[in-house]
Amino acid sequence: MIDPWASSSVDYEKLVNQFGIKKFSDILDDIEEPLPLMKRGVIFGHRDFDKMIPFINNHKDFAVVTGMMPSGKMHIGHKMVVDQLKWYLDKGGKLSLPIADMESYGARGMDFTQAKELAINEYLANYIALGLDLTDDNVLIYLQSQHTPVKDLAFELSKKTNFNELKAIYGFNPSTSISHVYVPLVQVADILLPQIEEYGGPKHVVVPVGVDQDPHIRLTRDLADRFKSQFGFIPPASTYHRFLTGLTGGKMSSSEPKTAIYLNDSPKIAEKKVKSAKTGGRESLEEQKKLGGCPDSCVVYEMLVYHLIDDDSELQKIYENCKNGTLLCGECKLMTAEKMKNFFEKLDEKKESSLEIAKTLL
Ligand code: TRP
Ligand code: SF4
């Protein structure tokens, strides 16, 4: 069982082999101008994404849904989602961005006022600063708790969902509160909303998420089937990205400051954090010169791959020079830290104006 409300480590191979998630690399060649995240295997899996590629390539009739649950601070790993959303918006997709305040209330016990403030100050402001135009006509943002169509749809969908099914998927037990039990239904409704008549009727929809969200995706696809005759739903597609490794080697987590570079860190702090990150370097200099480093298990290299280098050949060179022992970790870290600092300086410049825009959105 995958528990969307627990943090655990992930075996990506197993997910592809046992849970019916398909390999993204098999369909990569069909996508026009794929994102670096796609080419580099950061987005590693999908369900039914092949079916929507023609629509994306033709820039028409598709939608993207991804929610944000206001729970804590955003870290640099969250940038991955924003990069994907920008790409889909450029490709002519409609974006639907629910703010999951019913989830943060039902599953985390956060009150609605606090959730709204966090959504504006932390999530929306950073999304804008990262370059996503949330004022675009193709973007819909709403708070679950204040959006009647989504709440109506969730209730309607709940008619064909029973407790045993949710218990089997999420491990709910007799003392789980009903609000928590109801949370997945609201998310299913978020994902199916672009297909109801009010939003233009049935269409291809993709949900770009981390694998922790897959239980919700499977439930959504089942319910889309059960309500097909009534709404004409097309089962939504999904893509799955790897989680960013934390600075200490485990998963990057908002609630563990030692592991994360927060988007609200200052450029100086971000730079310093890169310098403190775990590398794939050897015990001694001699050894590294002789054997080379291990970029595949290096947090610093991962930052370059996920966030800091667009040019594939530049990246390739670093990979090779690390492996053949001509690039050493000290130099490599300095270069990466400098790139990170520059990235944060640019982000910083946009913070104030982004926050002003964010305040007008909800
Ligand atoms: N459950 C998601 C999270 O924890 C947030 C979310 C709400 C969501 N609605 C969604 C994600 C719809 C994808 C699609 O972050
Ligand atoms: Fe990582 Fe760079 Fe060291 Fe290679 S040289 S292990 S990529 S920090």
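Reading the values: rules and limits
Residues numbered from 1 in each chain as written. Chains lettered and ligands numbered in written order. Predicted model: local features only at pLDDT ≥ 70, side-chain atom pairs only at ≥ 80, totals over all residues. Heavy atoms only, no water. Helix = DSSP H or I, 4+ residues; strand = E, 2+ residues; numbered from the N terminus. Buried < 20%, exposed > 50% of the residue type's maximum accessible area, 1.4 Å probe, protein only. Polar contact = N/O pair within 3.5 Å; in protein donor to acceptor, adjacent residues only side chain to side chain. Contact = heavy atoms within 4.5 Å. Axes fitted to C-alpha atoms, helices over the stretch in contact; angles between N-to-C directions. Parallel < 35°, antiparallel > 145°, perpendicular 65-115°, else oblique. Left-handed = near helix turned anticlockwise from the far one by under 90°. Nonpolar A, V, L, I, M, F, W, Y, C, P; charged D, E, K, R; others polar. 1 Å grid on protein atoms, 1.4 Å probe; cavity = no way out; pocket = protein on both sides within 12 Å on 5 of 7 lines; lining within 4 Å. Points joined across faces, edges and corners; volume = space filled by probe spheres on them.

> How should I be thinking about the side chain of His-241 in this particular structure?
Of note, His-241 is situated in strand S7 (residues 237–241). We classify His-241 as buried; its relative accessible area is 6%. A polar contact of 3.3 Å, which involves the side chain of His-241, links it to the side chain of Gln-84. With residues near it in sequence (within four places) discarded, His-241 still touches Val-42, Ile-43, Phe-44, Met-80, Val-81, Gln-84, Pro-208, Val-209, Gly-210 and Val-211.

> How should I be thinking about the packing of helix H14 (residues 299–308) against helix H15 (residues 312–323) in this particular structure?
How two helices sit against one another is set out by the angle between their axes and by the gap between those axes. Contact geometry for H14 and H15: axes closest at 11 Å, N-to-C directions at 165°. In terms of orientation, H14 and H15 fall into the roughly antiparallel class. Note that H14 runs across H15; the crossing there is left-handed. Contacts between H14 and H15 pair Tyr-301, Leu-304 and Val-305 from the former with Leu-315, Ile-318 and Tyr-319 from the latter. Taken together, the residues of the contact of H14 with H15 sort by class into six nonpolar, no polar and no charged.

> What's the story with the layout of surface pockets in this structure? I'm lost.
Summary: where empty space remains is shown by rolling a probe the size of a single water molecule over the atoms. Counted as a void, the largest pocket has a volume near 1200 Å³. Considering the residues around the largest pocket, the lining is formed by 46 residues, among which Ser-71, His-78, Asp-212, Gln-213 and Phe-243 are closest to the centre. Among the secondary structure elements, those contributing two or more residues to the lining of the largest pocket are helix H4 (79–90), helix H5 (101–108), helix H6 (112–129), helix H9 (178–192) and strand S6 (204–210). The biggest single contributor to the lining of the largest pocket is S6, with four residues. When its residues are assigned to classes, the lining of the largest pocket shows 20 nonpolar, 18 polar and eight charged.

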